[in-house]
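# Coordinate inspection notes
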Amino acid sequence: MSAANSQDDEDTFKILIATDIHLGYLEKDPVRGNDTFVTFNEILDHAQKNEVDFILLGGDLFHDNKPSRKTVHSCLESLRRHCMGDRPVQFEILSDQAVNFHSSKFPWVNYQDENLNISIPIFSIHGNHDDPTGADTLCALDILSCAGLLNHFGRSTSVEKIDISPILLRKGRTKIALYGLGAIPDERLYRMFVNKRVTMLRPKEDEDSWFNLFVIHQNRSKHGATNYIPEQFLDDFINLVVWGHEHECKIAPCQNEQQRFYVSQPGSSVVTSLSPGEAVKKHIGLLHVKGKKMKMQKIPLETVRTFHMEDIVLADHQDLFNPDNPKVTQAIQAFCMEKIELMLDSAERERLGNPRQPEKPLVRLRVDYAGGFEPFSVHRFSQKYMDRVANPKDIIHFFRHREQKEKNENDLNFGKLVSRPASEGMTLRVEDLVKQYFQTAEKKVQLSLLTERGMGEAVQEFVDKEEKDAIEELVKFQLEKTQRFLKERRTDAEEDKIDEEVRKFRESRKKNTKEEDEEVREAMTRARAQRSEDAVLVVASSDEELMDTGMKGTADSDDGLPATLSRRRSGARGRARGARGQNSTTRGSSRRGRGSTSQESATSSRTYKPVSVPNKNKTIIDAFRSLKPESSLNSSKSYSEDIVDDDSDLEDISIVPSSKAKQRLSTTSSWSKRGSQSQTSRGVDFESDEDEFDPFKSTATTRRTK
């Protein structure tokens, strides 16, 4: 009997499956801040107790794209505590690891690294919350992968074609082909499936002897026409699909009748939205695979905060509530309190059987007050449950159900969106709202140059990935491209003809979705590069300010210099302060003449680059007019309007008599040069400046003679 069990262990994979852990969710909440970390430790404890071969995560390990230091530190601590040890790994990898982990600086599985001692390997794809972004397209999982604590796979870098190469695993006589695909915008992936641009590669030898396991992180339920991935898109040779992103726990494998594969949806391990799907009991799965057979064992999570939810419709209780009764609000409030007390009693009984559960439960009561009723104060009502529930501020939610009227499907009903419960509103996407808004807007506010699709993508990057320059760069990029198109067509500078050409150009771009995707991607790349340049400029400016402060302290401490030299230095300092209205580059090169020769100082202090209107603020007409040469008068006018010295926050330093103000302005470079020389050397021979104007010349000569 023991020999048979030993043989089973040698040929059986034991895989712990979990998705959507969302580390760092509400980490600053005093009550719920540690929920994700506690549950993550419980998941890793189950992996140790069951001696699994590896852990498979289906995305969204982190809740934020840029997790905090506390979140990253807690994750590293948990992984090091549970996944490192002397227990040997019982399976081997047969595929080319340089292909499987092509995005890693260390393209091999972590347990084969001779510098690491891994007992439980973790394989994970990224989700939509922790996907790669930025100029280097890095994500939080790449940090864990570089540290050797996790194996990040399933990453696709192309937006035109995706080839999914499996990780080939073997334990005894059981072989697993592990496929993974990290989160991709649903509409883009939907279009790629339709165009046959997604290919799942298969092993050449013994194709039918492999157990094909596929992990994906996309919308499974339909949120729009193309805003999800139908199961029918996936290949029929797959045996099991582990579906991430959906938070409702449906971990028991369910067979797709058309494709004949099974789908397991583990759901999230923490409640991130107070919706009915989150109220289902949370589980993780222990998958046993032997040959082509599998078995999924459900493991309930004991440290998850309980969540109870109930809906009531006031119109269904006409025997209790009469809208014409002046005291109906008090009656509704008492009825809601009774419902909440019942949910609290149920939560307390559930917690008594499990001491590891958090003390305060999550409670949500949704009230439909349609039918002439009025809601009461939620803030005042929630004060009664501050010490009893974990979410007192949103314990009750009022909404009004409205009858749907027959209208065009493309019409955007903002009233409907506002009245929906919060759980239903979670299915809306920013880019969909932008697209529907511009499509249904009045003609005077519709887009005439940009496309709804491109603008929606830019807004999504701005909202989800905090790319602050995304919209600006997209507008600038498409404006420049349109201007080039008009110049190539040699369109006359007449507004009607330009509008017609722009309309035709816009329609052609809308039809060519591939080219439009490339435009959006190019604009996002420029936005990331712009953000990197801004960061460099901020650091350089900070360093310059520090150096400027240090040299100012040194200059102020020179009390042993002659009075004439001190006065001359004050004049240079005052004029340098007046130059702070310039940009950082000009200020750094001309202030007080430091770090440059006298000729460079004079040139930088009296030469300015005229500030022109950026292309992003130009209209098409302005772009054509800009081709004509402008007069020098306009150029000087632009210079005088754009360069402003704001010394409101500085002390007034007056050295030169007012009667010589014009002479001072014309000889600013001479003063800057003399101030620079006086600051960098002591006992300087000033006879070399006899040919320059010096307001202190007579005084300095008298004092030297004395």
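## Quick look at the overall build of the protein
Helices and strands together make up the secondary structure of the protein, namely 23 helices and 18 strands. With 706 residues in all, the protein has 45% of them scored as buried. Looking at the protein as shown, the accessible area adds up to about 38000 Å², and 49% of this sits on carbon and sulfur atoms.

## Some thoughts on the sheet that holds strand β4 (residues 122-124)
Sheet strands line up and pair through hydrogen bonds in the backbone, either parallel or antiparallel. Taken together, six strands build an open sheet; the order of strands is β5-β4-β2-β1-β14-β15 and the sheet is mixed. Two strands close off the open sheet at either side, each with one partner strand: β5 (151-152) and β15 (293-300). Bridge count between strand β1 (residues 12-18) and strand β14 (residues 283-290): six bridges; the pairing is antiparallel. The residue bridging Leu16 from the neighbouring strand is Leu286, located in β14.

## Re the pattern of salt bridges
For the structure on display, the rule yields 16 salt bridges. Notably, a salt bridge pairs Arg170 with Glu92, separated by 2.6 Å at the nearest N-O pair. A residue pair is termed long-range when its members are at least 10 positions apart, and Arg170 in strand β7 (residues 167-171) and Glu92 in strand β3 (residues 92-93) qualify at 78 residues. By relative accessible area, Glu92 is classed as partly exposed at 36%. A salt bridge links Lys339 to Glu310; the shortest N-O distance between them is 3.3 Å. One end of the pair, Lys339, is in helix α7 (residues 328-352); the other, Glu310, is in strand β16 (residues 307-313), with 29 residues separating them in the sequence. Of the residues examined, Glu310 reaches a relative accessible area of 26% and is grouped as partly exposed.

## Overview of the nonpolar core
By size, the foremost hydrophobic cluster in this structure holds 30 residues, and its most contacted members are Ile55, Leu61 and Leu79. The set of elements that each furnish at least two residues to this core consists of β1, α2 (35-49), β2 (54-57), α3 (69-83), α5 (140-146) and β14. At five residues, α2 tops the list of elements feeding residues into this core. Ile93, Phe101, Tyr111 and Ile125 belong to the second-largest nonpolar core, a separate cluster that totals 26 residues.

## What to know about unusual backbone geometry
The backbone phi angle of Asp60 is positive, close to 55°, even though this residue is not glycine. Residue position: Asp60 is located in the loop between β2 and α3. Judged by relative accessible area, Asp60 falls into the buried class, the value being 0%. Not every positive phi belongs to a glycine, and His245 is a case in point at roughly 90°. Note that His245 resides in the loop between β11 (240-244) and β12 (250-255).

## Details of the pairing of β14
Within β14, six of the eight residues are buried, which leaves it mostly tucked inside the rest of the structure. As judged from the eight bridges shared by β14 and β15, these two strands associate in the antiparallel manner. Residue His288 lies in a different strand from β15, and its bridge partner there is Lys295. Counted between consecutive antiparallel strands, the loop separating β14 from β15 contains two residues, among which Gly291 sits at a positive phi close to 65°.

## Some words on the sheet that holds β11
Across the sheet, seven strands lie side by side as β3-β7-β8-β10-β11-β13-β12; this open sheet has mixed pairing. Each of the sheet's edge strands pairs with one partner strand only, and the pair in question is β3 and β12. Bridging between strand β10 (residues 211-217) and β11 involves five bridges; their strand directions are parallel. The residue of β11 that forms the bridge with Val215 is Val242.

## Focus on α7
Between its first and last C-alpha, α7 extends 37 Å over 25 residues, near the 36 Å set by a 1.5 Å rise per residue. For α7, the full list of buried residues reads Val328, Ile332, Phe335, Cys336, Ile340, Met343, Leu344 and Ala347. Here the buried face of α7 lies against β16, β17 (362-368), α8 (378-382) and β18 (396-399).

## Notes on the environment of Lys66
Within the secondary structure, Lys66 sits in the loop between β2 and α3. The partly exposed category is assigned to Lys66, whose relative accessible area is 49%. Lys66 sits 73 residues away from Cys139 along the chain, and the two C-alpha atoms are 7.8 Å apart.

## Re the packing of aromatic side chains
Scanning all chains against the criterion turns up 17 aromatic pairs. Here the aromatic rings of Phe13 and Phe91 are separated by 5.9 Å at their centres, their planes lie at 50°, and the arrangement is tilted. With Phe13 in strand β1 and Phe91 in the loop between α3 and β3, this pair connects stretches of sequence that are 78 residues apart. Pair check on accessibility: Phe13 and Phe91 agree, each one buried.

## A short note on the confidence of the model for the protein
Averaged over the protein, the pLDDT score is 77; the fraction of residues at 70 or greater is 66%. Contacts of residues 414-427 to residues separated by more than four positions or lying in other chains number 20 contacts, the stretch itself having pLDDT below 50.

## Quick word on the side chain of Gln97
Structurally, Gln97 can be placed in helix α4 (residues 97-100). Once you skip the residues sitting within four places of it in the chain, Gln97 turns out to touch Pro107, Trp108, Val109 and Gln112.

## Things to note about the pairing of β16
Alignment of β16 against β17, held across seven bridges, turns out to be parallel. The partner of Glu310 across the bridge, within β17, is Leu365. After leaving β16, the chain enters α7 and then returns to the sheet as β17, a path that is right-handed.

## Describing the packing of α2 against α3
Packing of α2 against α3 brings their axes to within 10 Å, and their N-to-C directions diverge by 15°. Taken together, α2 and α3 sit at an angle that is classed as roughly parallel. When the axes of α2 and α3 are compared, the crossing they make is right-handed. Of α3, the residues touching α2 (which contributes Phe37, Phe40, Asn41, Leu44, Asp45 and Gln48) are Lys70, Thr71, Ser74, Cys75, Ser78, Leu79, Arg81, His82 and Cys83. Tallied by class, the residues present in the contact of α2 with α3 amount to six nonpolar, six polar and three charged.

## A word on the environment of His22
Its location among the elements puts His22 in the loop between β1 and α2. Residue His22 is classed as buried on the basis of its relative accessible area of 1%. Spatially, the C-alpha atom of His22 lies 5.7 Å from that of Asp60, the residues being 38 residues apart in sequence. For His22, the contacting residues outside a window of four places in its chain are Thr36, Asp60, Leu61, Phe62, His63, His129, His247, Val270 and Thr272. At a separation of 3.1 Å, a polar atom in the side chain of His22 contacts the side chain of His247.

## Overview of α2
Helix length check: α2 (15 residues) gives 21 Å between terminal C-alpha atoms against 21 Å at 1.5 Å per residue, within 8%. The complete set of buried residues in α2 reads Asp35, Thr36, Phe37, Thr39, Phe40, Glu42, Ile43, Leu44, His46 and Ala47. Looking at the residues trailing α2, positive phi occurs at Glu51, about 50°.

## Points about the environment of Thr525
Structurally, Thr525 is set in helix α15 (residues 513-556). Here Thr525 falls in the partly exposed class, since its relative accessible area comes to 39%. Note: C-alpha distance between Thr525 and Ala470 (55 residues apart in sequence) is 8.9 Å.

Rules and cut-offs
Residues numbered from 1 in each chain as written. Predicted model: local features only at pLDDT ≥ 70, side-chain atom pairs only at ≥ 80, totals over all residues. Heavy atoms only, no water. Helix = DSSP H or I, 4+ residues; strand = E, 2+ residues; numbered from the N terminus. Buried < 20%, exposed > 50% of the residue type's maximum accessible area, 1.4 Å probe, protein only. Areas by Shrake-Rupley, 256 points an atom, 1.4 Å probe, with all protein chains shown as cover. Pairing = 2+ DSSP bridges. Salt bridge = Lys/Arg side-chain N within 4 Å of Asp/Glu carboxyl O. Core = buried A, V, L, I, M, F, W, Y, C linked by side-chain atoms within 4.5 Å. Expected span 1.5 Å × (residues − 1). Contact = heavy atoms within 4.5 Å. Phe/Tyr/Trp six-rings, centres within 6.5 Å; stacked < 30°, edge-to-face > 60°. pLDDT = per-residue confidence, 0-100. Right-handed = clockwise from strand over helix to strand, strands pointing away. Axes fitted to C-alpha atoms, helices over the stretch in contact; angles between N-to-C directions. Parallel < 35°, antiparallel > 145°, perpendicular 65-115°, else oblique. Left-handed = near helix turned anticlockwise from the far one by under 90°. Nonpolar A, V, L, I, M, F, W, Y, C, P; charged D, E, K, R; others polar. Polar contact = N/O pair within 3.5 Å; in protein donor to acceptor, adjacent residues only side chain to side chain.

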